[in-house]
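Structure at a glance
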Amino acid sequence: MLPEVFYLNLDSIELQAERAIDPTLKTRAIAIISSSDSNGTIISLSHEAEQEGLYKGMKVSIAKKKKSAVQFLPYNRPLYQRVNKYTYDTLSSFSPVIEPSGISGFYMDMKGMSFLNKDIKDIGLSILKKVESRINLISIMGIGANKLISKIITNVIHDNIHEVTPGMEDRFLAPLSFKVLPTARLKPVCKVLYFLLIDRIAQLQTLSKHADDFRTLFGTHSIQLANETVGVDTSLVRPPILKDHLLEQIILPKNTNSEDMLLSAVQDLSEKIAFILRERGQVSKNIRLEIHYIDGFSSSKVGGVDHPDDASVGKKCKELFLKANTRRISIRSILLDVSQLRPYVEQRNLFYIPESRDMEISRAVEVIRHKYGITSIKKANVLHALGH
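Residues numbered from 1 in each chain as written. Predicted model: local features only at pLDDT ≥ 70, side-chain atom pairs only at ≥ 80, totals over all residues. Heavy atoms only, no water.

The next point concerns unusual backbone geometry. Backbone geometry follows two general trends: most residues other than glycine have a negative phi, and most peptide bonds adopt the trans configuration. One non-glycine residue with positive phi stands out, namely Ser-12, at about 50 degrees. In this fold, Ser-12 is placed in the loop between β1 (5–9) and α1 (13–21). You can call Ser-12 partly exposed: its relative accessible area is 26%. The phi angle at Gln-340 is positive, at roughly 50 degrees, despite the residue not being glycine. (Helix = DSSP H or I, 4+ residues; strand = E, 2+ residues; numbered from the N terminus. Buried < 20%, exposed > 50% of the residue type's maximum accessible area, 1.4 Å probe, protein only.)

Right, dumping it as structure tokens:
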């Protein structure tokens, strides 16, 4: 029997993503924080930041009191979601069934791969190389008979790829801490384990052989826990249910509070969204424009559009930006999250109206973008401000 499930883990995805878009961060001490207020915590940090005495879970208020050269970055969910989607699309060329696990993990159902007559690890290595070459991110992989084992591998073994041969799951798990088992981390189960002074899965494996005592101790969790201690997991790899929304974000070439540069960035984003809306024949009742400042704070405003031409979408996005930007702090990135999409039905008018002209101009530009790409034509102010 061959292993059937691969689990790919993008190690420290937040840190890798930030350094991918800003190479100047590669050797700097950086910490990614959940929020800049006193209750915020450090979610991810570089080795250089660890050397400054910081650690995951540390309160931001405490971390900022330390005299260090650490740069604090706000948690940029849209960026990490985009990296997650690029990775998902890359993995789709290897397996038709992929299940994302959080922001940094992916289960891959590899049933039927034996026909390739390749070593299973060679297939895994080719996947890791593809991810690194396309997305410029380092990942590690666990290979096992099921989802439970393949994920635990990446949690406890830091080689770039490792395989647990089917039938050897209990031996692999025996020396490990019980905390790697999902059911063992549940509060009522964890309390019993601490009371019994159990810390290794081998002890649980022995205890589970006494079914009646095991059931008395762990109640409704006993069957699931007993299965996990020997590496049994019958859950299937399930593809995600995709939400119908659009997401566009721009990381500014440099942190700025220049209104000219910021409005040019908003215009560039709005034209990309308008182009996609026309492609889909839709308009949106919910356009959320979100601003991320360099000090970790963010601000957002929501509106909608009834026409998908560049002028209408651009006007609404500019209006949202001016309402959202209430601070004089430099801005790092701007996001547009478009949802509540509905069909757009254009009503032809016998007489000339401005909206008709705006749509005709948008369609003329669209012809060029279809032929040469969405970034092939830009307004002069966008080119001047953003330099691309």
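Following the structure, the description resumes.
Counted under the stated rule, the structure contains four aromatic pairs. The lysine or arginine in question, Lys-147, covers the ring of Tyr-107, its NZ or CZ lying 5.0 Å from the ring centre. Seen from the ring of Tyr-293, Arg-327 lies directly overhead, with NZ or CZ sitting 4.8 Å from the centre. (Phe/Tyr/Trp six-rings, centres within 6.5 Å; stacked < 30°, edge-to-face > 60°. Lys NZ or Arg CZ within 6 Å of the ring centre and 35° of its normal.)

Judged by side-chain polarity, Phe-195, Leu-196 and Leu-217 come together as a nonpolar surface patch covering roughly 300 Å² of accessible area. For Leu-196, a relative accessible area of 33% translates into the label partly exposed. (Patch = residues over 30% accessible without salt bridge, like charges linked within 9 Å, V, L, I, M, F, W, Y side chains within 5 Å. Areas by Shrake-Rupley, 256 points an atom, 1.4 Å probe, with all protein chains shown as cover. Salt bridge = Lys/Arg side-chain N within 4 Å of Asp/Glu carboxyl O.)

For strand β9 (residues 246–256) and strand β12 (residues 331–343), the ladder comprises seven bridges, and the chain directions are antiparallel. When the sheet's bridge partners are listed, Glu-248 is paired in β12 with Leu-336. Pairing of strand β10 (residues 282–293) with β12 involves 11 bridges; the strand directions are antiparallel. Each residue of the ladder has a partner; that of Tyr-293, found in β12, is Ile-331. (Pairing = 2+ DSSP bridges.)

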